[in-house]
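# Structure assessment
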Amino acid sequence: MRTYISGSRRLSNIFWALTITLGGLGFFLNGCSSYFNTNLLIFSDASSIAFIPQGIILMFYGTVALILGLFLCLTIIWDVGFGYNDYNADQITVYRKGFPGKNRELNL
């Protein structure tokens, strides 16, 4: 009997990856807008935001969110955690996919 385990390709993970990436892009562009004194975002006015300290913090949070969003998107593309449990009469096999590298596939 084989039981399949879903990996990271879930609707909730896709939702959070897109939400974090778009939010981080908004923060980053708002920080850049305060530095260049131009509106890079159509729906907001960054002219009242001082670059020091608010613009730098917005750029920092945006950069962190973009890196986290990239990590989540790559985890979804690689389908980390996908695998199966195989139950036979004499042995149990556990198979999982991990991050790329020499130990990508775990087979116990």
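Structure: see above.
Here's what I pulled together on the structure shown here. Every value quoted in this text rests on a predicted model; they were computed, and no experiment measured them. (Residues numbered from 1 in each chain as written. Predicted model: local features only at pLDDT ≥ 70, side-chain atom pairs only at ≥ 80, totals over all residues. Heavy atoms only, no water.)

### Some words on the sheet that holds strand S4 (residues 105-107)
The condition is simple: The pairing criterion for strands is at least two bridges between them, as found by DSSP. To qualify as a helix, a DSSP run of H or I must reach at least 4 residues; to qualify as a strand, a run of E must reach at least 2; elements of each kind are numbered from the N terminus. Note on geometry: axes are lines fitted to C-alpha atoms, helical ones only across the stretch in contact, with angles between N-to-C directions running from 0 to 180 degrees.
Pairing within the open sheet is antiparallel, and its 4 strands lie in the order S1-S2-S3-S4. Of all the strands in the sheet, just strand S1 (2-5) and S4 have a single pairing partner and so form its edges. Along the sheet, successive strands turn relative to each other by an average axial angle of 10°, direction set aside. The pairing of strand S3 (residues 92-97) with S4 spans 3 bridges and is classified as antiparallel. Its bridge partner lying in S4, Tyr95 is registered against Asn107.

### Some details on the side chain of Thr75
The test is simple: Distance and chemistry together define a polar contact, namely a pair of N or O atoms within 3.5 Å, with one atom able to donate a hydrogen and the other to accept it when in protein, and with adjacent residues in sequence counting only for side-chain atoms on both sides. Here a residue-residue contact requires only that any non-hydrogen atoms of the pair lie within 4.5 Å.
With respect to the secondary-structure elements, Thr75 resides in helix H2 (residues 51-78). Among the polar contacts made by the side chain of Thr75, one reaches the main-chain carbonyl oxygen of Phe71 at a distance of 2.8 Å. Residue contacts for Thr75: discarding those within four places in its chain leaves Ser8, Val80 and Phe99.

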